[in-house]
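In case you want the letters, here they are:
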Amino acid sequence: MEARKRKFCVYCKPEDINDATFRYVEVIRRGLREAGGEDLGITWSDATLRRADDVVSISCMPAARVMWKHPGARLIHWFQGIEAVERRFLHGGWRGWGRYVIWSALEYLVLRKARLKLFVSEEMRHFLGDDRLGKGRSLSFPCYNADPLPAPVGTAGRYASLDLVYAGSLYKWQRVEDVLATFQLLSQARPEATLTLFTREVERARALCKAMGLTQVTVESVSPAELVTALQRFSYGFILREDIAINRVSTPTKLSTYMAAGVIPVLTEATPALSRLLELVPYKVIVREPTQHREIADSLLDMARAAPSPAQVHAAFATVFSADFNDAVHARRIAEALAADLR
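All of these numbers come straight from a predicted model, not from anything done at the bench.

(A) Highlighting the overall build of the protein. What the protein contains, in helices and strands, is 16 helices and 12 strands. For the protein, the C-alpha radius of gyration of 22 Å lies close to 20 Å, the compact-globule estimate for 343 residues. Scored against the burial criterion, the 343 residues of the protein give a buried share of 52%. Look at the contacts in the protein between residues 6 or more apart in sequence, and 68% of them connect residues 24 or more apart. When the accessible surface of the protein is summed, it comes to about 15500 Å², and 53% of that surface belongs to carbon and sulfur atoms. On the protein, the mean spot of the 46 positive side-chain charges and the mean spot of the 39 negative ones are 5 Å from each other.

(B) Summary view of the state of the cysteines. Applying the stated criterion across every chain yields a total of zero disulfides. No disulfide involves Cys12; its sulfur sits 9.2 Å from that of Cys9, the nearest cysteine. Given the relative accessible area of 1%, Cys12 is considered buried.

(C) Spotlight on the packing of helix α4 (residues 83-91) against helix α5 (residues 93-113). For the pair α4 and α5, the least separation of the axes is 7 Å and the interaxial angle reads 170°. For the element pair α4 / α5, the angle class is roughly antiparallel. Across the interface between the two elements, Glu83, Ala84, Val85, Arg87, Arg88 and His91 from α4 touch Gly93, Arg95, Gly96, Trp97, Arg99, Tyr100, Trp103, Ser104 and Glu107 from α5. Of the residues in the contact of α4 with α5, the class split is five nonpolar, four polar and six charged.

(D) Focus on the packing of aromatic side chains. One pass over the full model with this rule turns up 10 aromatic pairs. On the basis of an interplanar angle of 25° and a centroid distance of 4.6 Å, the ring pair of Tyr11 and Trp44 is categorised as stacked. With a gap of 33 residues between them, Tyr11 in strand β1 (residues 7-11) and Trp44 in the loop between β2 (38-43) and α2 (46-51) connect regions that are remote in the sequence. For Trp44, a relative accessible area of 28% corresponds to the partly exposed category. Measuring from ring centre to ring centre gives 5.6 Å for Tyr171 and Trp173, while their planes differ by 10°; the resulting arrangement is stacked. An aromatic cluster is defined as three or more aromatic residues linked by ring pairs; in this entry it consists of Tyr24, Trp78 and Phe141. Geometry around Trp103 places Arg87 over its ring, the cationic atom sitting 4.1 Å from the centre.

(E) Representation of the pattern of salt bridges in the model. Scanning all chains against the criterion turns up 28 salt bridges. A salt bridge links Asp54 to Arg74; the shortest N-O distance between them is 2.8 Å. Taken together, the residues Asp54 in strand β3 (residues 54-57) and Arg74 in strand β4 (residues 74-79) connect sequence positions 20 residues apart. Here Arg175 makes a salt bridge to Asp178, at a shortest N to O gap of 2.8 Å. Its relative accessible area of 8% is what places Asp178 among the buried residues. Within the structure, one salt-bridge network assembled from shared partners comprises Arg6, Asp54, Arg74, Arg115 and Asp341.

(F) Spatial organisation of the nonpolar core. Among the nonpolar cores identified, the biggest contains 111 residues, and Leu197, Tyr236, Phe238 and Leu300 are the most heavily contacted of them. Once residues within four sequence positions are removed from consideration, Leu300 is found in contact with Leu162, Leu164, Leu186, Tyr236, Phe238, Val266 and Val285.

(G) Quick peek at the sheet that holds β3. Spatially, the six strands line up as an open sheet ordered β2-β1-β3-β4-β5-β6, and their pairing is parallel. Of all strands in the sheet, those with a lone pairing partner are β2 and β6 (137-140), marking the two edges. Sheet twist, expressed as the mean angle between neighbouring strand axes with direction ignored, is 15°. As defined by bridge partners, β1 adjoins β3 across three bridges and the pair is classed as parallel. The residue bridging Cys9 from the neighbouring strand is Val55, located in β3.

(H) Structural context of unusual backbone geometry. Backbone geometry at Arg175 places phi at a positive 55°, although glycine is not the residue there. At Ala307, a residue that is not glycine, the phi angle is positive and equals roughly 45°. Relative to the helices and strands, Ala307 is located in the loop between α14 (293-306) and α15 (310-323).

(I) Structural detail: the pairing of strand β10 (residues 236-239). Across the two faces of β10 the burial is the same, with Tyr236 and Phe238 and Gly237 and Ile239 all buried. Alignment of β10 against strand β11 (residues 264-268), held across four bridges, turns out to be parallel. Bridging from a neighbouring strand, Phe238 pairs with Val266 of β11.

(J) View of the sheet that holds strand β9 (residues 218-220). As summarised here, the arrangement of the six strands in space is β9-β8-β7-β10-β11-β12, forming an open sheet in which the pairing is parallel. The open sheet is flanked by β9 and β12 (285-287), the only strands paired with a single partner. For this sheet, the mean inter-axis angle between neighbouring strands, taken without regard to orientation, is 20°. The sheet contact formed by strand β7 (residues 163-167) and β10 spans two bridges and is parallel. Bridge pairing in β10 links Leu164 to Tyr236. Together, β7, β8 (194-198) and β10 form the strand contacts of helix α8 (residues 176-189), whose direction differs from that of β8 by roughly 165°.

What counts, and at which threshold
- All chains use their own residue numbering, which begins from 1 and follows the written sequence.
- Per-residue local features of the predicted model are confined to residues with pLDDT of at least 70, and side-chain atom pairs are confined, for both listing and counting, to 80 or more; whole-chain, interface and lining totals are unaffected and use all residues.
- Only hydrogens and water are set aside; all other atoms, that is, all heavy atoms of the structure, feed into the side-chain values.
- Secondary structure counts use DSSP, requiring at least four H or I residues in a row for a helix and at least two E residues in a row for a strand, with both numbered from the N terminus.
- C-alpha atoms define the radius of gyration, and 2.2 Å times the number of residues to the power 0.38 defines the globule rule.
- The buried label goes to any residue with under 20% of its type's maximum accessible area, the exposed label to any with over 50%, and the partly exposed label to all in between, with areas taken from a 1.4 Å probe on protein chains only.
- Residue contacts are counted whenever heavy atoms from the two residues lie within 4.5 Å of one another.
- To be clear on the numbers: accessible area is Shrake-Rupley with a 1.4 Å probe, and residue cover counts the displayed protein chains and nothing else.
- Charge convention: Lys and Arg are scored as positive, Asp and Glu as negative, and His as well as the terminal groups of each chain are ignored.
- By convention, the charge on Lys lies at NZ, on Arg at CZ, on Asp at CG and on Glu at CD.
- Cysteine sulfur pairs qualify as disulfides if the two atoms are within 2.5 Å.
- Angles run from 0 to 180 degrees between N-to-C directions of axes, and those axes are lines fitted to C-alpha atoms, restricted for helices to the stretch in contact.
- Any angle from 65 to 115 degrees is called roughly perpendicular, while one under 35 is roughly parallel, one over 145 is roughly antiparallel, and all others are oblique.
- Each residue receives one of three labels: charged for Asp, Glu, Lys and Arg, nonpolar for Ala, Val, Leu, Ile, Met, Phe, Trp, Tyr, Cys and Pro, and polar for the others, Gly being one of them.
- To pair, rings of Phe, Tyr and Trp, with the six-membered ring standing in for Trp, must have centres within 6.5 Å; the planes then decide the type, stacked if under 30 degrees apart, edge-to-face if over 60, and tilted in the middle.
- A ring is considered to have a charge above it if a Lys NZ or an Arg CZ atom is located within 6 Å of its centre and within 35 degrees of its normal.
- For this document, the term salt bridge refers to a Lys or Arg side-chain nitrogen within 4 Å of an Asp or Glu carboxyl oxygen.
- We call a set of buried residues a nonpolar core when its members are Ala, Val, Leu, Ile, Met, Phe, Trp, Tyr or Cys and they connect through side-chain atoms within 4.5 Å of each other.
- Any two strands between which DSSP finds at least two bridges are classified as paired.

Written as structure tokens, this is what we have:
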């Protein structure tokens, strides 16, 4: 008699699946299907939850609900971020500390109870204490949301030009003011240099530019579906970060988006997992602090003088997509971990 297939679902609210989470969740589902599971879909229904043998959670509160409502399920949890620290950072004061205590307890509970834990970096796994407190199995793989283009894009002079871009929000820790300050220096040496900000916060971005006397910066809003195509006309893209715990454990999807379009990333050491992903890639700029405007500007000027070809950049980036931004690789790792857990 054929063994019954294990059923699984992703237990979360519909709004929890967005541009930043969709790809990672789909890789997890693919891994469970490759392990022989029957997919019940993404749901917030308790009835569907109780039908599942395996349940995927992507935030600590839903994970706690799974443990309460369906304690017999095998829990698979994706730690998107360090939720307790994020809540303390966002809310501040006693309210922030109260949330920090609650979410710290939830993180501890999930670390102890989940049978498979997924982290976006080894830094996150160590920060949360999985190597000390955790039981079960653990895997780390980065966040990404784009696929490489099949062929190089751009003319031979693409990287000799300083056509700079920043894509994202204007949160303080994104250090957009440092992007603008770096561009100010660059434009003194290369007046033809350009900077474009792709953000939904168009009016606020324009106000920032105006406050710094930068009238030549272009500010636009593009949809996530249009972003990779829009980025293909740029040479260098910023991912500057403040050196705080939230950033040190993160792997922003922005890196894969830039690289998919052939945009050379400009990073800080505040995201060590990204630096590690790019360890063998020669086409990058990495500095210690986002305030090192002169160092960033000088490195960009040096890169523009060296002017690698689009084919060279495409080939170097392809190695990262093959090893680290690869759905098949990570789905197989998940399937193997789940199979081993049942033995």
